[in-house]
Amino acid sequence: MKREIWIDWLRIFACFGVMLTHSCEPFYLGGEGSLILTKADAFWVGFLNVLPRACVALFIVASSYLQFPLHYSTGEFFRRRAVRILIPFVVWSVVYALAWGSPAQNFKDLLLNFNYAAGHMWFVYMLIGLYLIMPLLSPWASKVGKRELQVYIGLWLVTTVIPLIRQAVGGPAPVVYGPSGIPNAALYPLWGEASWNAYGVFYYLSGFVGYMLLGLYFRKFVGDLSWGKTLAIGLPVFLAGFALCSAGFLSRVWADCDGVFPVEGPVGLAALWEGPWLNDTLGVALMTIGWILLFRKIAHGRSVDLSGTPDTASNGAGAFYRRVVVPVSEAGYGMYLSHLLLLVVISGWSRSLLGLGADGVFGPVWTTPVEIILTALSSFVLVALVCVLVRRIPRVGKWIMG
């Protein structure tokens, strides 16, 4: 079986990025509401939580790069995706429903949405939606030219500015709550939207479909770039995206506290702070492009056949790649689904061990980043080990981990 080396590395980074973002959450989400204890905590969240914010988008890019347009019939595509995606999703939805909160209420909620206590499960619903439209777009994707695809990606990039426009013209937005208690800022209607119509002119070209198009574009039209060209393009693009997300978060926090800490409020307040780094915003889109350019320099253009001889030095895949990178990459979906069970425990342990804010073991500035990085690294290593081992269980391992 041939594998794209850089995609495996990209998946591993995306898995770690998810855990790093979740390790940051206790430092701006406290108890049942929003809480940032110190100015230093605000800055660390604005740095460590933004750095990997493209992680979910990178999962979509990887999937699109490998799957889109479809390589086999629609029926075969859905059969393969059901085994790989749906069965582990059902397994872990049941696990979280039993592990946290009221099982009866959790199972009732699952009839309409994901269990809010396991909020990261939203990703699977979005992913299924993309898989549903892939067969529709595949005939076009197989024939699309470079300039045409650039136009559509450009239009999609325009949609990533819309959240910023809404904020500018609509002012501070009230927070509304969906059926699962998930807070969202009310949207200011733009370009055809109204109280009776949510389907404005850019509705069908917004969101994660753009990352699907990015994966297609890089596979079809972007060749091998030199390190100089990669850095000349990728670094400014990434830094611009990072600045938009980080400055946007910090400016919103400062507007609510006027530089006086701690700052706290209802959970909806944190939902507004998060606005500049949501996945459909320009900053995340730019960081995604930067990360893609960087990871493509890892053995770009090389795919390896791991079904052949164990000695793979000649085709660019050494022992570490075969024995560590590939198994962790293959377990990435299971790691995403299961990681919160361990991460929550590790996060609580590190916070109780090292203290918080001004009373932290490493002082008011350095305690928070140490705890965040310790939680993320420990969670990643332990979750990877468990998931790789479980996935190797004959017959049932892949049904659990994907």
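Computed from a predicted structure; not experimentally measured.

**Student:** Help me get a handle on the overall build of the protein chain, residues and values and all.
**Tutor:** When its secondary structure is counted, the protein chain shows 16 helices and 7 strands. Along the first, second and third principal axes, the C-alpha atoms of the protein chain reach 60 × 50 × 50 Å. Across the 402 residues in the protein chain, those meeting the buried criterion constitute 48%. The long-range share in the protein chain, meaning contacts at least 24 apart out of those at least 6 apart in sequence, stands at 79%. Just so you have it, the protein chain exposes about 18800 Å², and 67% of that area is on carbon and sulfur atoms. The averaged location of the 20 negative side-chain charges in the protein chain is 14 Å from the averaged location of its 28 positive side-chain charges.

**Student:** Describe the pattern of salt bridges, with residues and values.
**Tutor:** Tallied over the entire structure, the rule returns 7 salt bridges. Residue arginine 80 is joined to glutamate 76 by a salt bridge in which the shortest nitrogen-to-oxygen separation is 2.9 Å. In this pair, arginine 80 and glutamate 76 both sit in helix 4 (residues 74–99), 4 residues apart, roughly one turn of the helix. Taking the shortest distance from any N to any O, the salt bridge between arginine 166 and glutamate 193 comes out at 2.9 Å. Separated by 27 residues along the polypeptide, arginine 166 in helix 8 (residues 162–170) and glutamate 193 in the loop between strand 5 (183–185) and helix 9 (209–221) bring together distant segments of the chain. Arginine 166 sits in the buried class, given a relative accessible area of 15%. Each of Arg3, Asp8, Glu330 and Arg391 takes part in a single network of salt bridges with overlapping partners.

**Student:** Residue-level account of a nonpolar patch on the surface, with values.
**Tutor:** Together, Trp227, Leu231, Leu235, Leu239 and Leu294 make up a nonpolar patch on the protein surface, roughly 470 Å² of accessible area in all. Of all the elements, helix 10 (residues 227–257) adds the most residues to the nonpolar patch, at 4 residues. Tracing the sequence through the fold places leucine 231 in helix 10. Of the residues examined, leucine 231 reaches a relative accessible area of 45% and is grouped as partly exposed.

**Student:** Quick one: what's the story with helix 12 (residues 282–295), residue by residue and with numbers?
**Tutor:** Its 14 residues place the ends of helix 12 20 Å apart at the C-alpha level, agreeing with the 20 Å of an ideal helix rising 1.5 Å per residue. Helix 12 sits mainly inside the fold: 13 of its 14 residues count as buried.

**Student:** Can you explain the environment of arginine 166? Please cite residues and give values.
**Tutor:** Arginine 166 sits 24 residues away from leucine 190 along the chain, and the two C-alpha atoms are 7.8 Å apart. Side-chain polar atoms of arginine 166 contact the side chain of glutamate 193, separated by 2.9 Å.

**Student:** With reference to specific residues and values, describe the side chain of asparagine 279.
**Tutor:** Its location among the elements puts asparagine 279 in the loop between helix 11 (267–273) and helix 12. Apart from residues no more than four positions distant in its own chain, asparagine 279 is found in contact with Arg53, Val56, Ala57, Trp122, Phe208, Tyr211 and Val284.

**Student:** Before we move on, can you summarise helix 13 (residues 319–330) with the specific residues and values?
**Tutor:** Here helix 13 is 12 residues long and its end C-alpha atoms lie 16 Å apart, about the 16 Å a rise of 1.5 Å per residue gives. Buried within helix 13 we find Tyr321, Val325, Val326, Pro327, Val328 and Ser329.

**Student:** Any chance you could break down the packing of aromatic side chains for me, citing the residues and the numbers?
**Tutor:** Tallied over the entire structure, the rule returns 36 aromatic pairs. Between phenylalanine 123 and tyrosine 336 the ring centres are 4.9 Å apart and the planes differ by 50 degrees, which places this aromatic pair in the tilted class. With phenylalanine 123 in helix 6 (residues 122–143) and tyrosine 336 in helix 14 (residues 332–354), this residue pair connects regions lying 213 residues apart in the sequence. Per residue, the accessibility class of phenylalanine 123 equals that of tyrosine 336, and both read buried. By the ring-pair criterion, three or more aromatic residues cluster together here, those being Phe13, Trp44, Phe47, Phe238, Phe242, Trp291, Phe295 and Trp366. The cationic tip of arginine 80 hangs over the ring face of tyrosine 72; the distance from NZ or CZ to the ring centre is 4.4 Å. Seen from the ring of phenylalanine 27, arginine 351 lies directly overhead, with NZ or CZ sitting 4.9 Å from the centre.

**Student:** Could you give an account of the layout of surface pockets, naming the residues involved and the relevant values?
**Tutor:** There is about 910 Å³ of room inside the second largest pocket. Lining the second largest pocket are 33 residues, and of these Arg11, Leu66, Gln67, Arg81 and Arg84 sit closest to its centre. Sorting the residues of the lining of the second largest pocket by element identifies strand 1 (2–4), helix 1 (5–24), helix 3 (55–67), helix 4, helix 6, helix 13, helix 14 and helix 16 (397–401) as the ones contributing at least two each.

**Student:** Lay out the nonpolar core with the relevant residues and their values.
**Tutor:** With 106 residues, the main nonpolar core has Ile36, Phe123, Tyr211, Trp273 and Met335 as its most contacted residues. Per-element accounting of this core gives the leading share, 12 residues, to helix 1. Those residues in contact with phenylalanine 123, other than ones at most four positions away along the chain, are Val56, Phe59, Ile60 and Tyr336.

**Student:** Which residues make up the sheet that holds strand 2 (residues 29–30), and what are the values?
**Tutor:** Taken together, 3 strands build an open sheet; the order of strands is 2-3-6 and the sheet is antiparallel. Every other strand in the sheet has two partners, leaving strand 2 and strand 6 (263–266) as the edge strands with one partner each. Bridging between strand 3 (residues 33–36) and strand 6 involves 4 bridges; their strand directions are antiparallel. Residue pairing for strand 6: isoleucine 36 is matched across the bridge by valine 263.

**Student:** How would you explain empty space enclosed by the protein if you had to name every residue and give the values?
**Tutor:** The tally for this structure, following the rule as stated, stands at 1 cavity of 30 Å³ or more. If you add up the space inside the largest cavity, you get close to 30 Å³. Lining the largest cavity, in full, are Leu164, Leu244, Cys245, Pro276, Thr281, Leu282 and Gly283. Those elements that provide at least two residues to the lining of the largest cavity are helix 10 and helix 12. For the lining of the largest cavity, the per-class residue count stands at 5 nonpolar, 2 polar and no charged.

Cut-off values and rules
- Residues numbered from 1 in each chain as written.
- Predicted model: local features only at pLDDT ≥ 70, side-chain atom pairs only at ≥ 80, totals over all residues.
- Heavy atoms only, no water.
- Helix = DSSP H or I, 4+ residues; strand = E, 2+ residues; numbered from the N terminus.
- Buried < 20%, exposed > 50% of the residue type's maximum accessible area, 1.4 Å probe, protein only.
- Contact = heavy atoms within 4.5 Å.
- Areas by Shrake-Rupley, 256 points an atom, 1.4 Å probe, with all protein chains shown as cover.
- Lys, Arg positive; Asp, Glu negative; His and termini not counted.
- Charge placed at Lys NZ, Arg CZ, Asp CG, Glu CD.
- Salt bridge = Lys/Arg side-chain N within 4 Å of Asp/Glu carboxyl O.
- Patch = residues over 30% accessible without salt bridge, like charges linked within 9 Å, V, L, I, M, F, W, Y side chains within 5 Å.
- Expected span 1.5 Å × (residues − 1).
- Polar contact = N/O pair within 3.5 Å; in protein donor to acceptor, adjacent residues only side chain to side chain.
- Phe/Tyr/Trp six-rings, centres within 6.5 Å; stacked < 30°, edge-to-face > 60°.
- Lys NZ or Arg CZ within 6 Å of the ring centre and 35° of its normal.
- 1 Å grid on protein atoms, 1.4 Å probe; cavity = no way out; pocket = protein on both sides within 12 Å on 5 of 7 lines; lining within 4 Å.
- Points joined across faces, edges and corners; volume = space filled by probe spheres on them.
- Core = buried A, V, L, I, M, F, W, Y, C linked by side-chain atoms within 4.5 Å.
- Pairing = 2+ DSSP bridges.
- Nonpolar A, V, L, I, M, F, W, Y, C, P; charged D, E, K, R; others polar.

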